[in-house]
Amino acid sequence: MTKVEYEQNERKGRFVIYEDAVFAGEMTYTWAGTGKFIIDHTGIEEGFNGKGFGKKLLEQAVAFAREQEVKILPLCPFAKAQFDKDQNLADVRY
């Protein structure tokens, strides 16, 4: 079973994905003021590649941004590529 959790500590946070309770990857971010956060890293652990976990993490980040009514600045190459490909994410892109 796949599970995504959210952690935040002051200005930094991350979305973490687990498969069968095993850490599989993370997407980290830093707040830039109160109206946006910067996705700065996406990493999937060896052995979990090709399962779409990066996209699942991004889906959670986008849902969080919409919920909080904030924008995302995707500096991480993975997140930027996804934002460039998918116009459905334009509403939360900074």
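Our subject is the structure listed above.
The rules we used
Within any chain, residue numbers begin from 1 and follow the written order of that chain's sequence. For this predicted model, a pLDDT threshold of at least 70 governs which residues receive local features, and a threshold of 80 or more governs which side-chain atom pairs are given and counted, while totals over whole chains, interfaces and linings are taken from all residues. The basis for every side-chain value is the complete set of non-hydrogen atoms in the structure, without hydrogens or water. Burial here depends on accessible area, computed with a 1.4 Å probe over protein chains only, as a share of the maximum for the residue type. Under 20% is buried, over 50% is exposed, and the range in between is partly exposed. A run of DSSP states H or I qualifies as a helix once it reaches four residues; a run of E qualifies as a strand once it reaches two. Both are numbered from the N-terminal end. Regarding the arc, it is the one traced by the directions from the helix axis to the C-beta atoms. Here a strand pair is declared whenever DSSP counts at least two bridges between the two strands. Expected span of a helix: the number of residues minus one, times 1.5 Å. Note on contacts: a residue pair is in contact if any heavy atoms of the two residues lie within 4.5 Å. Put simply, buried Ala, Val, Leu, Ile, Met, Phe, Trp, Tyr and Cys residues joined by side-chain atoms within 4.5 Å make one nonpolar core. Basic side-chain nitrogens of Lys or Arg form a salt bridge, by our definition, when they fall within 4 Å of a carboxyl oxygen of Asp or Glu.

## Some points on helix H2 (residues 77-85)
Taken together, the buried positions of H2 are occupied by Ala79, Gln82 and Phe83. Buried residues along H2 cover an arc of 100 degrees about the axis, so they all sit on one side. Away from its buried face, by an angle of more than 90 degrees, H2 presents the exposed residues Pro77 and Lys85.

## A word on the pairing of strand E4 (residues 36-44)
Bridge count between strand E3 (residues 22-31) and E4: 7 bridges; the pairing is antiparallel. Bridging across to E4, Glu26 finds its partner in Gly43. Linkage of E3 to E4, two consecutive antiparallel strands, is achieved through a turn of 4 residues, within which Gly33 is found at a positive phi near 85 degrees. Bridge count between E4 and strand E5 (residues 71-74): 4 bridges; the pairing is parallel.

## A short note on helix H1 (residues 53-68)
The end-to-end C-alpha distance of H1, which contains 16 residues, comes to 23 Å, matching closely the 22 Å that a straight helix rising 1.5 Å per residue would cover. The set of residues buried in H1 consists of Phe53, Gly54, Leu57, Leu58, Ala61, Val62, Phe64 and Ala65. Looking at the buried positions of H1, the neighbouring elements they touch are strand E1 (2-9), strand E2 (12-19), E3, E4, E5 and H2. Just past H1, the residue Glu69 takes up positive phi, approximately 55 degrees.

## Digging into the nonpolar core
The biggest cluster of nonpolar side chains holds 23 residues, and the ones touching the most others in it are Phe37, Ile39, Leu58, Val62, Ile72 and Phe83. Listed by contribution, the elements that provide at least two residues to this core are E2, E3, E4, H1 and H2. Residue contributions to this core peak at 7 residues, all from H1. Beyond its immediate sequence surroundings of up to four residues, Leu58 is in contact with Met27, Ile39, Ala79, Gln82, Phe83 and Leu89.

## Some points on the pattern of salt bridges
According to the stated counting rule, one finds 7 salt bridges in the structure shown. Ionic pairing is found between Glu7 and Arg14, a salt bridge with its closest N-O pair at 2.7 Å. Here Glu7 falls in the partly exposed class, since its relative accessible area comes to 30%. Arg93 serves as the salt-bridge partner of Asp84, at 2.8 Å between the closest nitrogen and oxygen.

The quantities given are spatial measurements derived from coordinates; they are silent on function.
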